[in-house]
2 protein chains.
Amino acid sequence: MQGATQFIGGDAGHLRIVGMKAIKGQPLAQATHIDKVATGRSAGSSRPAWLLRGIASNVRYATRGELDDLRRRQEPLGRASATMAALIPIKKSSAWWDLAQDERRAIFEEQSRHTAIGLRYLPAIARQLYHSRDLGEPFDFLTWFEFAPADAVAFDDLLAALRATQEWHYVEREIDIRLQRD
Amino acid sequence: MQGATQFIGGDAGHLRIVGMKAIKGQPLAQATHIDKVATGRSAGSSRPAWLLRGIASNVRYATRGELDDLRRRQEPLGRASATMAALIPIKKSSAWWDLAQDERRAIFEEQSRHTAIGLRYLPAIARQLYHSRDLGEPFDFLTWFEFAPADAVAFDDLLAALRATQEWHYVEREIDIRLQRD
């Protein structure tokens with residue numbers, strides 16, 4: 001898969017797993033480390049427990065105003081201070097995917113304030129969304145976050161706010177994996 | 001790629017190519033036949049000239065009202081009377097993909113009337129859109145049409161109407177492949 005990013009869980013890697021919890025649905029197999037690598041690159045783990053793939057793609061819901069707000073306030077991945085990370089793979093129900101575009105947008109933003117909530121945690125929490133659904137993967141999205149240890153509590157607040165939304169009623173599988181750079 | 005549909009051009013296959021023209025950008029290699037098969041299935045052609053993959057995915061622009069109109073009027077693929085087909089792979093520019101969702105929607109429907117134009121040709125022209133962009137493919141979409149010989153002129157009208165829209169300014173590669181069932 002050209003251009004895809006791979007998240008490989010196993011017994012070695014650049015990121016150490018400090019917590020892994022199935023929030024909803026089936027858990028992932030146990031692993032102690034993760035590598036986040038471009039397709040074609042090899043991983044540190046000799047026996048991967050799992051491999052998830054996603055692609056950074058075009059935005060699906062954000063308006064021009066929301067995109068401008070996000071880009072004005074967000075910081076890039078890879079900041080030296082951001083030694084904590086989180087990988088949260090998510091799968092939504094077929095009821096979600098069967099909705100029309102305007103119905104999904106209304107739930108995502110007008111009802112759930114997904115972008116508005118995320119904006120409150122910028123620039124502390126750096127984010128990247130990887131799309132997996134069209135790749136035939138077990139999850140629809142791989143959501144990725146990087147932050148400094150001092151912002152770990154804010155990150156928990158962000159997740160709690162998102163998980164309390166109408167949009168999250170459509171989430172049928174979610175794994176919360178917390179990581180630390182080695 | 002689980003769930004993907006493959007279009008394989010070569011020297012054998014279920015569909016005979018009766019015309020192939022690069023409307024914009026680089027042409028595809030010459031072929032006499034196409035097979036349209038699910039991933040994992042083998043093709044009739046012993047030496048494929050090209051292989052394009054796409055996935056039937058969720059709608060990206062249509063509102064609930066538009067979806068209901070489409071579903072009320074469209075007919076399924078595979079009708080016995082529909083002995084003509086067309087495969088039209090399309091790639092849009094990065095200028096298109098960099099737009100926000102509301103900007104792409106406004107060009108797609110409010111300015112270009114993409115769905116409204118398509119509705120005028122239902123149920124004569126049966127359609128299916130396969131998404132390719134997130135699969136790292138050379139095209140963003142593989143558009144697929146099936147119709148009876150008596151509706152071939154209507155099909156040309158449909159294409160002319162779409163190609164005259166604002167949306168088509170963002171198309172940077174388009175191949176028009178006409179087919180007949182053998």
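Note that the coordinates shown come from a computational prediction; the quantities given were computed from them, not determined experimentally. For every chain, the first residue of its written sequence is number 1, and the numbers climb from 1 along that sequence. As they are written, the chains are lettered A onward and the ligands numbered 1 onward, keeping that order. The model is predicted, so local features are restricted to residues of pLDDT at least 70 and side-chain atom pairs to those at 80 or more, both for listing and for counting; the totals for chains, interfaces and linings are taken over all residues. As a rule here, side-chain values cover all heavy atoms of the structure and leave hydrogens and water aside.

Engineer: Looking at this model, I keep getting lost on the pattern of salt bridges. Mind explaining?
Structural biologist: Side chains that differ in charge, positive against negative, can pair when their charged atoms come close. For this analysis, a salt bridge means a side-chain nitrogen from Lys or Arg found within 4 Å of a carboxyl oxygen belonging to Asp or Glu. For the structure on display, the rule yields 28 salt bridges over all chains. When the shortest N-O distance is used, the salt bridge between D134 of chain A and R60 of chain B registers 3.0 Å. Taken together, the positions of D134 of chain A in the loop between strand 6 (126-131) and strand 7 (141-147) and R60 of chain B in the loop between strand 4 (50-54) and helix 1 (64-73) put the pair across two chains. Here D134 of chain A matches R60 of chain B in class, with each residue buried. For E137 of chain B, the salt bridge identified is with R53 of chain B, shortest N-O distance 2.9 Å. One end of the pair, E137 of chain B, is in the loop between strand 6 (126-131) and strand 7 (141-147); the other, R53 of chain B, is in strand 4, with 84 residues separating them in the sequence. Only protein chains enter the accessibility calculation, which uses a 1.4 Å probe. A residue is then buried if its area is under 20% of the maximum for its type, exposed if over 50%, and partly exposed in between. A relative accessible area of 18% places R53 of chain B in the buried class. We count a stretch as a helix when DSSP gives it H or I for four or more residues in a row; a strand needs E for two or more, and each element gets its number in order from the N terminus.

Engineer: Please clarify how the sheet that holds strand 2 (residues 15-24) of chain A should be interpreted in this entry.
Structural biologist: Sheets are built from strands paired through backbone hydrogen bonds, the pairs being either parallel or antiparallel. Residue and element names in this part refer to chain A. Whether two strands pair comes down to DSSP finding at least two bridges between them. Judged by pairing direction, the sheet is antiparallel, and its 8 strands sit side by side in the order 4-1-3-2-8-5-7-6 without closing on themselves. Looking at the sheet topology across the chains shown, the edges are occupied by strand 4 (50-54) and strand 6. Between one strand and the next, the sheet's axes are offset by a mean angle of 25°, whatever the strand orientation. Relative to strand 7, strand 5 (residues 84-92) runs antiparallel, the two sharing 7 bridges. Looking at strand 7, one finds that I90 is bridged to F141. Between two residues, a contact is recorded if the distance between any of their heavy atoms is within 4.5 Å. Inter-axis angles, ranging from 0 to 180 degrees, are taken between N-to-C directions of lines fitted to C-alpha atoms, where helices are fitted over the stretch in contact. Contacts from helix 5 (residues 152-163) reach strand 2, strand 5, strand 7 and strand 8 (171-181), with the element oriented near 175° to strand 8.

Engineer: Could you clarify how one ought to interpret the nonpolar core in this entry?
Structural biologist: Note that soluble globular proteins tend to have their nonpolar side chains buried in a common cluster. Residue and element names in this part refer to chain B. Counting residues in hydrophobic clusters, the biggest one holds 24 residues, and the most contacted among them are I88, W96, I125, F145, F147, F155 and L158. Of all elements in the fold, only strand 5 (84-92), helix 2 (94-97), helix 3 (101-111), strand 7 and helix 5 (152-163) reach the threshold of two or more residues within this core. It is helix 5 that provides the largest number of residues to this core, a total of 5 residues. Not counting residues up to four positions away in its chain, the partners in contact with I125 are R79, F145, E146, F147, D151, F155 and L158. In plain words, nonpolar cores are sets of buried Ala, Val, Leu, Ile, Met, Phe, Trp, Tyr and Cys residues tied together by side-chain atoms within 4.5 Å.

Engineer: Any chance you could explain the interface of chain A and chain B here in plain terms?
Structural biologist: A common way to express how large an interface is: the accessible area buried when the components associate. At the junction of the two partners, chain A supplies 26 residues and chain B supplies 26 residues. Here the buried area means the combined drop in accessible surface, using a 1.4 Å probe, for two parts upon being joined, counting both sides. Summed over both sides, the interface between chain A and chain B buries roughly 2,000 Å², with carbon and sulfur atoms accounting for 43% of that surface. Taken as a group, N58, R64 and D134 of chain A account for 28% of the area that chain A buries against chain B, more than any other trio of residues on that side. Our count for the contact surface shared by chain A and chain B stands at 4 salt bridges. When the shortest N-O distance is used, the salt bridge between R64 of chain B and E103 of chain A registers 3.0 Å. By the criterion applied in these results, polar contacts are pairs of N or O atoms within 3.5 Å in which, for protein atoms, one can donate a hydrogen and the other can accept it, and in which residues neighboring in sequence qualify only through two side-chain atoms. For the interface between chain A and chain B, the tally reads 16 residue pairs in polar contact (both at pLDDT 80 or more). Those elements giving two or more residues to the side of chain A that touches chain B turn out to be helix 1 (64-73) and helix 3 (101-111) of chain A. It is helix 3 of chain A that contributes the most residues to the side of chain A that touches chain B, 4 residues altogether.

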